[in-house]
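Coordinate analysis (summary)
Residue-level listing of the chains:
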Amino acid sequence: MTDWLSSIDWTSVLDNVPWQNAIAAVIVVVIGLTLSRLARTGLRALLDGRVSRAHALLARRVVTTGILGLTLAAALDQLGVQLSVLFGAAGIITLALGFASQTSASNLISGIFLIGDNTFSVGDTITVGGTTGEVLSIDLLSVKIRKFDNVLVRIPNETLIKTQVETLTRFPIRRIQLSLRLPFDQQVERLTEALLAAADRDPLLLEEPAPIVSYSGFGPSGLDLNVFVWSTREDYLQVKNNLQANILDEIRKRDLRLATQEHHVTIDNLAEDSSPFAPLDRT
Amino acid sequence: MPRRFSYSGATAASDALTLLSQILTTPAMTADSKPDDRPTPLTWWKPLHPPDGACLLGRMGHLELTLMRNGSEWLIHTDWAEERVDTPSWEDLPTPASRLEDAARFLFRDSADALELRPVLADRPVIAKPRTEVTIPGDNDTVVYIGTPLWVQLREQHDNDLLVEYPLERLSRTWFGRNAMDGDVCYSTQTWARLALENFPFLPDYAMTRVRIRNHTKRPLSFTHIRLPVVSLSIYRDADDRFVTEPITLEQKDDGLAAIEVDPLPRDSKHEQVGDRRQPLPSGSLMKALDRFF
């Protein structure tokens, strides 16, 4: 491209361009820039509030870039530059750039797919590969999120396309799960009653879907239980905290206890002589 | 024992004394009270003109509302009472400091000497749960009355600016929809869903809604939940000083959805509007209004 541009004798080109064509080229550029600006403003008015911010941004960029490209081509045509040669050179350049910037191109294409996919939008809270935060922007190359410790994280779009993404704020309500273990010597019904009473104490917790206690199996030191409750996504953390505090309170009130990690070792049929715990001094 | 506070929409002392005597002589509500014995809720919903520095405690439903005027400042604090108060009351508090330690403060440029209390309905739809499952046979219809808890809006009287609003009852929230993705968060209340308004006890902190349910399907319609679009209903006072809303009609369709319409009150009825709806009902909308379980 550089060789092609330097091979052009611009003095002779300009000398051979009639002044009317130069004025026409300037007018084309002015009209193109004006059209581009009008299109940007019009699209903003048309799309804002109707589609997501990411979609609106993509539409504005595609339309304005298209108009500016056509304007440039028309202006060069007025100046007598042969566009077929330019496009041929541009094709070679694109190929070269494509090889050189595969990652960027991959992110760019992933970004377009991501915006079209509409899995999340600006303002949502997402989890990507263990990183959770609020989406600040969805750009063509990357998504920027703010973690809850106020750290900005830039995630390349290609990563987002390949990785599991959880959108925590997509639906109005969320389920909260707490796992507990009840010792074998405790009554299951009493703990279930305590858990449901704890859930009933919090007005932020949703009445329906109703809280559920389910038994998931026998663990090494007791019966494993799960309690499931629902809250609005805004109250998720508060409800989770309240539930744990209320469960502790209800368990204490009922003199119940939860299982801790216990290991019982039983040693049978050990001969007195071979017992490792046998007294050394038998006299 | 705190003495009752005199309050009034007018500044005349005689008017205040009249209201004071009304409050003092208002009997406690019972389920079978006659209309003449009922505590009128309207005595609670008057503009308040306490003297500068005075502190008031208002009780209605489960809400305890403490107000204090301090020059161009209003202090507002709420608590939930353990016991429900059926007879609305206002009284003055001689030592308000402890109650108002964490009160919300509203500051005005000039002296704001009056607050208006306005009844409104909840800011979300309400799910009324009949005590037992209700069934309406196919091609049939019925009318039930459902009470929904009121909210109180506190407004600066001169400019009518909304300061804050509170529910008069502790409302739990619930989800109502086709599934966990499609629906909305509503308030939940239990109802007897009685067939006649006269059979309801007089509840000054509730507004009654007449609900006609039409089952347009061939199958019996059983439900345990009724979704009331109270955000789209206005509040009226009827001839018995009871708060009521416009009647609504739920027309159940074959696809499980219902058409909801807000019917106008009869022209000849003695209803006086006391509170506005929060938002209009979307016209021609079909939504899930009756359900048996989540």
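Residues numbered from 1 in each chain as written. Chains lettered and ligands numbered in written order. Predicted model: local features only at pLDDT ≥ 70, side-chain atom pairs only at ≥ 80, totals over all residues. Heavy atoms only, no water.

1. Structural notes on the overall build of chain A
As a reminder, the rule being used: Numbering of helices and strands runs from the N terminus, with a helix taken as a DSSP run of H or I at least four residues long and a strand as a DSSP run of E at least two residues long. Between buried and exposed lies partly exposed: a residue is buried under 20% and exposed over 50% of the maximum accessible area for its type, with that area taken using a 1.4 Å probe on protein chains only. The contact rule is simple, with two residues in contact once any of their heavy atoms fall within 4.5 Å. Note that accessible areas follow from Shrake-Rupley with a 1.4 Å probe, and for residues the cover is restricted to the protein chains shown.
The secondary structure content of chain A amounts to nine helices and eight strands. The buried share of chain A, reckoned over its 283 residues, is 34%. Taking contacts inside chain A between residues at least 6 apart in sequence as the whole, the part at least 24 apart equals 63%. Surface exposure of chain A reaches about 17800 Å², of which carbon and sulfur atoms provide 58%.

2. Describing the packing of aromatic side chains
Condition: Paired rings are identified among Phe, Tyr and Trp, the last through its six-membered ring, by centres lying within 6.5 Å, and are further divided according to the angle between planes into stacked (under 30 degrees), edge-to-face (over 60) and tilted (the rest). In this scheme, the term charge over a ring applies when either NZ of a lysine or CZ of an arginine sits within 6 Å of the ring centre and within 35 degrees of the ring normal.
Scanning the entire structure with this criterion turns up three aromatic pairs over all chains. Residues A:Phe184 and A:Phe218 carry aromatic rings whose centres are separated by 6.2 Å and whose planes lie at 35° to one another, so their mutual orientation is tilted. With A:Phe184 in the loop between strand E6 (173-182) and helix H8 (188-200) and A:Phe218 in strand E7 (residues 212-218), this pair connects stretches of sequence that are 34 residues apart. You'll find A:Phe184 and A:Phe218 in the same group, each marked exposed. Consider the rings of B:Trp45 and B:Phe243, whose centres lie 6.0 Å apart with planes at 80°: the pair is edge-to-face. Of the two residues, B:Trp45 sits in the loop between helix H1 (13-25) and strand E1 (55-70) while B:Phe243 sits in strand E16 (residues 243-245), which places them 198 residues apart along the sequence. In this structure, B:Trp45 and B:Phe243 share a single accessibility class: buried. Above the ring of B:Trp192, the side-chain terminus of B:Arg131 is found at 4.5 Å from the ring centroid. The cationic tip of B:Arg194 hangs over the ring face of B:Phe200; the distance from NZ or CZ to the ring centre is 5.4 Å.

3. A look at the pairing of strand E9 (residues 162-167) of chain B
Quick note on the threshold: We treat two strands as partners when DSSP finds at least two bridges between them.
Here strand E8 (residues 151-156) of chain B pairs with E9(B) via five bridges, running antiparallel. If you follow B:Leu154 over to E9(B), its bridge partner there is B:Val164.

4. So, the confidence of the model for chain B
All names here are of chain B. Heads up, the condition is: A residue's pLDDT is the predictor's confidence in that residue, given on a scale from 0 to 100.
When pLDDT is averaged along chain B, the result is 79; 81% of the residues meet or exceed 70. Segment residues 1-39 is flagged for pLDDT under 50; beyond a separation of four residues in sequence, or across chains, it makes 63 contacts in the model. Confidence estimates for the predicted assembly give a pTM of 0.71 and an ipTM of 0.73.

5. Things to note about the pattern of salt bridges
Residue and element names in this part refer to chain B. Convention followed: Salt bridge criterion: a side-chain nitrogen from Lys or Arg within 4 Å of a carboxyl oxygen from Asp or Glu.
In the structure shown here, the tally under the stated rule is 31 salt bridges over all chains. Arginine 212 is paired through a salt bridge with aspartate 141; the nearest N and O atoms lie 2.5 Å apart. With a gap of 71 residues between them, arginine 212 in strand E12 (residues 206-215) and aspartate 141 in strand E7 (residues 140-149) connect regions that are remote in the sequence. A relative accessible area of 21% means that arginine 212 is categorised as partly exposed. A salt bridge links arginine 237 to aspartate 241, with the nearest nitrogen and oxygen atoms 2.7 Å apart.

6. Quick notes on helix H9 (residues 236-253) of chain A
Residues and elements named next belong to chain A. Test applied: Multiplying 1.5 Å by the residue count of a helix minus one yields the expected span of that helix. Within this analysis, the arc is defined by the directions that extend from the helix axis to the C-beta atoms.
The end-to-end C-alpha distance of H9 is 26 Å, a good match for the 26 Å that 18 residues give at a rise of 1.5 Å each. Of the residues making up H9, those classed as buried are Tyr236, Val239, Leu243, Asn246, Ile247, Glu250 and Ile251. Down the axis, H9 shows its buried residues gathered within 130° of arc, on one side only. Looking at H9, the residues exposed on the side facing more than 90 degrees away from the buried face are Leu237 and Arg252. Buried residues belonging to H9 abut E6, H8 and strand E8 (223-232). Just past H9, the residue aspartate 255 takes up positive phi, approximately 55°.

7. A short note on the sheet that holds strand E3 (residues 142-147) of chain A
Residue and element names in this part refer to chain A. Formally: What counts as an axis is a line fitted to C-alpha atoms, over the stretch in contact for a helix, and the angles between N-to-C directions run from 0 to 180 degrees.
Strand order in the open sheet formed by five strands is E4-E3-E2-E1-E5, with antiparallel pairing between adjacent strands. On the outer flanks of this sheet lie strand E4 (152-156) and strand E5 (165-167), each paired with one strand and no other. Recorded for the sheet is a direction-independent mean angle of 40° between the axes of neighbouring strands.

8. Comments concerning the packing of helix H4 (residues 53-78) of chain A against helix H6 (residues 102-117) of chain A
All names here are of chain A. Applied cut-off: Orientation labels follow simple angle bins: below 35 degrees gives roughly parallel, above 145 gives roughly antiparallel, 65 to 115 gives roughly perpendicular, and whatever is left gives oblique. Put simply, a crossing is left-handed when the front helix is turned counterclockwise from the back one by less than a right angle, and right-handed when it is turned clockwise. All amino acids are sorted into three groups, where Ala, Val, Leu, Ile, Met, Phe, Trp, Tyr, Cys and Pro are nonpolar, Asp, Glu, Lys and Arg are charged, and the leftover types, Gly among them, are polar.
Viewed as axis vectors pointing N to C, H4 and H6 meet at an angle of 130°, and their least axial separation amounts to 9 Å. If you check the angle between H4 and H6, you find them oblique. Crossing hand, H4 versus H6: left-handed. Note on element contacts: H6 touches H4 through Ile112, Ile115 and Gly116, opposite Ala54, His55 and Leu58. Split into classes, the residues belonging to the contact of H4 with H6 amount to four nonpolar, two polar and no charged.

9. Some details on the nonpolar core
Within soluble globular proteins, side chains that are nonpolar generally end up buried alongside one another. Using the following cut-off: Residues enter a nonpolar core if they are buried and are Ala, Val, Leu, Ile, Met, Phe, Trp, Tyr or Cys, with the set joined through side-chain atoms within 4.5 Å.
Core analysis: the largest hydrophobic core is formed by 49 residues, its most contacted members being B:Trp44, B:Trp45, B:Leu65, B:Leu67, B:Ile76, B:Leu117 and B:Ile213. Of the residues forming this core, the biggest block, five residues, is contributed by E1(B). Beyond its immediate chain neighbours, meaning those up to four positions away, B:Leu117 contacts B:Trp44, B:Trp45, B:Lys46, B:Leu48, B:Leu65, B:Trp90, B:Val152, B:Gln153 and B:Leu154. If you look at the next biggest cluster of nonpolar residues, it comprises 20 residues, including A:Ala198, A:Val213, A:Val227 and A:Val239.

10. What to know about the side chain of B:Arg69
Residues and elements named next belong to chain B. Heads up, the condition is: The charge count treats Lys and Arg as positive and Asp and Glu as negative. His and the chain ends do not count. Contacts described as polar in this section are N or O atom pairs within 3.5 Å, which, within protein, must combine one atom able to donate a hydrogen with one able to accept it, while residues neighboring in sequence count only if both atoms come from side chains.
Topologically, arginine 69 is positioned in strand E1. In this structure arginine 69 is buried but unpaired, with aspartate 52 as the nearest side chain of opposite charge at 4.7 Å. A distance of 3.1 Å separates a polar side-chain atom of arginine 69 from the backbone oxygen of proline 50. Beyond its immediate stretch of four places on either side in the chain, arginine 69 contacts Pro50, Pro51, Asp52, Gly53, Ala54, Trp74, Ser111, Ala112 and Asp113.

11. Side note on the interface of chain B and chain A
Many descriptions give the size of an interface as the accessible area lost when the pieces come together. Selection criterion: A simple way to read buried area is as the amount of 1.4 Å-probe accessible surface that goes missing from two parts once joined, with both sides added.
Contacts between the two partners involve 12 residues from chain B and, on the opposite side, 13 residues from chain A. Here chain B packs against chain A, burying approximately 1200 Å² in sum over the two surfaces, 56% of which is carbon and sulfur. The interface formed by chain B and chain A includes three salt bridges. For A:Glu208, the salt bridge goes to B:Lys129, with nearest N and O atoms at 3.2 Å. Elements with a minimum of two residues in the side of chain B that touches chain A: strand E10 (172-177) and strand E11 (183-191) of chain B.

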